[in-house]
Amino acid sequence: MDPPPDSHRPRLWLFSPFLLPYRPPPLQVYGPHTHPPIEGSSNHPRPYHPSRPIGPHTKWSERADAVRNSFIHAWENYQTYAAGYDEVLPVSGGKVNNFNGWGVTLFDSIDTMWIMGLHDIFHDSLEVVAKSTFVLDQGSFAPFFETIIRYLGGLLSAYALSAEPVLLSRADDLGKMLLPAFNTTSGLPSFAVNTVSGETRQGWSGSVLWAEALSNQMEYKYLAHLTGRTEYYNKSEHIMQMMYTADLPDAGQFPTMWDIINGEPSNHQFSVGAFADSAHEYLLKQWLLTGQSEPKARELYLKAVDAVLSNLLYITPNRQLLYVTDTIRKNPTHRFEHLSCFFSGLLALGIHTMPELSLRDIELHSWAAQGLAETCWITYADTKTGLGPDVMQMSHSYGPSSDDSSPQATGKWLDAITAWENGGRQGNAPGTTEVQREPDAGKRDYYALKGSYLLRPETVESFYLLWRTTGEERWRERGWAVFESIEKHTRTKYGYASLSLVDKLPAEQKDEMPSYFLAETLKYLYLLFTDEEIIPLKDWVFNTEAHPFPVFNWSPWEKKEYNIFL
């Protein structure tokens, strides 16, 4: 459905740049039986070369170059001190195998190399990829979720960008070796799998996290499209069918845990945090990735967002900070995770790619996107290091009220929105006003439950998506402030280190540099500072590990095979 002409659209209160027209591009469909690619074949994907600015340096091009240099520093130290291992230890210069022992830092960051124009180290890395077998000893297991998003996602993205055949070959190998994880009574994936024997084991909870179940569809559907292996599509789509038909007591409130035997919910927690975050992403993103050909996924995304806005968004009583929490049996915990800061960017992406949304949905999603990003930013700006804590407990002490449904009584964001609208919409929408830095920890309206900074990407990810969808420069400036703090407090001789406490100086560094720092945090910062949109949102969709996949259209035989009908 096309949006009405601008002259007929009511004036928006916020973020009209979200409504830039979006149409999935008429991309070439790569035949499922054409690999290994034949040079000169029309089905051979051409390498995609993100443009780099030519001409005089600008403030932003210099900042992008600074991020690029930071990536080089991290990569060269990994190569020098930990090549062949998963991660370098940035304080001691040691090395560690903590994600299968296959060299996760290389696989997770190889597409970042290509995007940053670091083609020499990219091609040097292909030898490691070519020689990788992904074998595990008996009794060892690859965590399904992390292996999918980091290894498989990295391979597929690097292949889409570079068209190097070896990347697809290894992705196909790994995709097949991970398939036994789906061999459960329900079809929900096991926590981990041995890539040689196919033996599986369950995780600490005994259940399947919603994020684990719904964070493989982008990877396996794209791999099915490239290889023609129908089992890739069928295994991952089976889980989507379970979600479409799930009998939930409350619409859109998908629990965070599911029974691996009967495929039913096994707890009463509703969240966008650690157990659920990427599942929310993939509802929208798999619809975008497959040329908007799977409307049921889009419908689930919108139902889940409605449930989040209605049940999980609250405002603190003093600084009016908007935050997203979780509920257990409908009772809010008022915890706010750094991981949940992705949700602001997801809302922005949804508005940008669905101009047919109702005006009401556009307003609510826009206000929520802005307000959550403001809070994520201020949790950085408040601290002594300028970096945000990992988990916060938000203030929810409200004054007495004669009306138990009033915003003063509930703290719910939608109640505050209703009161604001009933009062004539005076000033900014609740929770969207910029607040000043508060150096006094006792006056912040929150305190840190986990005061560590783990080099996470979610806040700068949302800054990037807000910048690209609204054009508002403040998100770039805030991203630069975050990057300066990263350089000042986390840089070491051997890379970059997580911090134990964000409100302590001098900062105490932890001896760890997660691969996602190179895959996500530095990539999003680089893209935030480039003036050109070198990975256009209309053509590419980022998986939850920031690996961009190209939007594609199913071929006629695929639509028939998979029963895909609009």
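Thresholds applied
The numbering scheme is per chain: residues are counted from 1 as the chain's sequence reads. Given that the model is predicted, a residue must reach a pLDDT of at least 70 before its local features are reported, and side-chain atom pairs must reach 80 or more before they are shown or counted; all residues, however, enter totals for whole chains, interfaces and linings. Calculation of side-chain values draws on the structure's entire complement of heavy atoms; hydrogens and water are dropped beforehand. If DSSP finds at least two bridges between two strands, the strands pair. We count a stretch as a helix when DSSP gives it H or I for four or more residues in a row; a strand needs E for two or more, and each element gets its number in order from the N terminus. Both cavities and pockets are sets of points on a 1 Å grid over the protein atoms alone; in a cavity a 1.4 Å probe fits but cannot get out, in a pocket the set is open with protein on both sides within 12 Å along at least five of seven lines, and lining residues sit with an atom within 4 Å of a point. Grid points are joined across faces, edges and corners, and a volume is the space filled by probe spheres set on the points. Polar here means any residue other than Ala, Val, Leu, Ile, Met, Phe, Trp, Tyr, Cys and Pro, which are nonpolar, and Asp, Glu, Lys and Arg, which are charged; Gly is therefore polar. Here a helix's expected span is defined as the number of its residues, less one, multiplied by 1.5 Å. Each residue is placed in one exposure class: buried if its accessible area under a 1.4 Å probe, protein chains only, is under 20% of its type's maximum, exposed if it is over 50%, and partly exposed if it falls in between.

Enquirer: Account for the sheet that holds strand S12 (residues 331-332), with residues named and values stated.
Expert: Reading across the sheet, the three strands line up as S8-S11-S12 and stay open at both edges, with antiparallel pairing between neighbours. In this open sheet, the two strands that pair with only one neighbour each are strand S8 (269-270) and S12. Pairing of S8 with strand S11 (residues 327-328) involves two bridges; the strand directions are antiparallel. Bridging across to S11, Phe270 finds its partner in Thr327.

Enquirer: Run through unusual backbone geometry, naming residues and quoting values.
Expert: That bond from Leu505 to Pro506 is cis: its omega, -5°, falls within 30 degrees of zero. With respect to the helices and strands, Pro506 occurs in the loop between strand S17 (495-496) and helix H17 (516-529). Despite not being glycine, Gln292 has its phi angle at roughly 60°, a positive value. Inspection of the secondary structure puts Gln292 in the loop between helix H9 (277-289) and helix H10 (295-311). The backbone of Asp445 shows a phi angle near 75°, a positive value even though the residue is not glycine. By secondary structure assignment, the location of Asp445 is in the loop between helix H14 (413-422) and strand S15 (446-450).

Enquirer: I'd like a rundown of the sheet that holds strand S3 (residues 142-143), residues and numbers included.
Expert: The strand order S3-S4-S5 describes an open sheet built from three strands, whose pairing is antiparallel. The sheet is open, and its two edges are formed by S3 and strand S5 (200-201), each paired on a single side. Pairing analysis gives two bridges linking S3 to strand S4 (residues 192-193), with the strands arranged antiparallel. The residue of S4 that forms the bridge with Ala142 is Val193.

Enquirer: Give a description of empty space enclosed by the protein that names residues and reports values.
Expert: For the coordinates displayed, the defined rule picks out three cavities of 30 Å³ or more. Roughly 70 Å³ of volume is contained in the largest cavity. Contributing to the lining of the largest cavity are Lys285, Leu288, Leu349, Glu461, Leu465, Tyr524, Leu537, Trp540, Val541 and Phe542. Among the elements of the structure, H9, helix H15 (458-470) and strand S18 (540-542) are those that each provide at least two residues to the lining of the largest cavity. Looking at side-chain class alone, the lining of the largest cavity contains eight nonpolar, no polar and two charged residues. Within this model, the second largest cavity holds a volume of roughly 50 Å³. In terms of lining, the second largest cavity is formed by Ser271, Val272, Gly273, Val324, Thr325, Asp326, Arg335, Phe336, Glu337 and Ser340. The element best represented in the lining of the second largest cavity is strand S13 (residues 335-337), accounting for three residues.

Enquirer: Tell me about helix H8 (residues 230-244), and name the residues and values.
Expert: Its 15 residues give H8 an end-to-end C-alpha distance of 20 Å, which sits within 8% of 21 Å, the value for a rise of 1.5 Å per residue. Within H8, the full set of buried residues consists of Tyr232, Tyr233, Ser236, Glu237, Ile239, Met240, Met242, Met243 and Tyr244.

Enquirer: Explain the pairing of strand S14 (residues 391-394) residue by residue, including any values.
Expert: Across a regular strand the side chains alternate sides, sitting on one face of the sheet and then on the other. Side chains Val391 and Gln393 project from S14 onto one buried face, and the interleaved Met392 and Met394 project onto a second face that is buried too. With four bridges connecting them, S14 and S15 associate as antiparallel partners. Bridged to Gln393 within S15 is Tyr447.

Enquirer: Which residues make up the layout of surface pockets, and what values go with them?
Expert: A volume near 1,100 Å³ is recorded for the largest pocket. Forming the walls of the largest pocket are 42 residues, and the residues nearest its centre are Glu146, Ala274, Asp277, Leu339 and Arg456. Taken together, the elements giving at least two residues each to the lining of the largest pocket come down to helix H4 (144-162), helix H6 (210-213), H9, S13, H15 and H17. Taken together, the residues of the lining of the largest pocket sort by class into 16 nonpolar, 10 polar and 16 charged.

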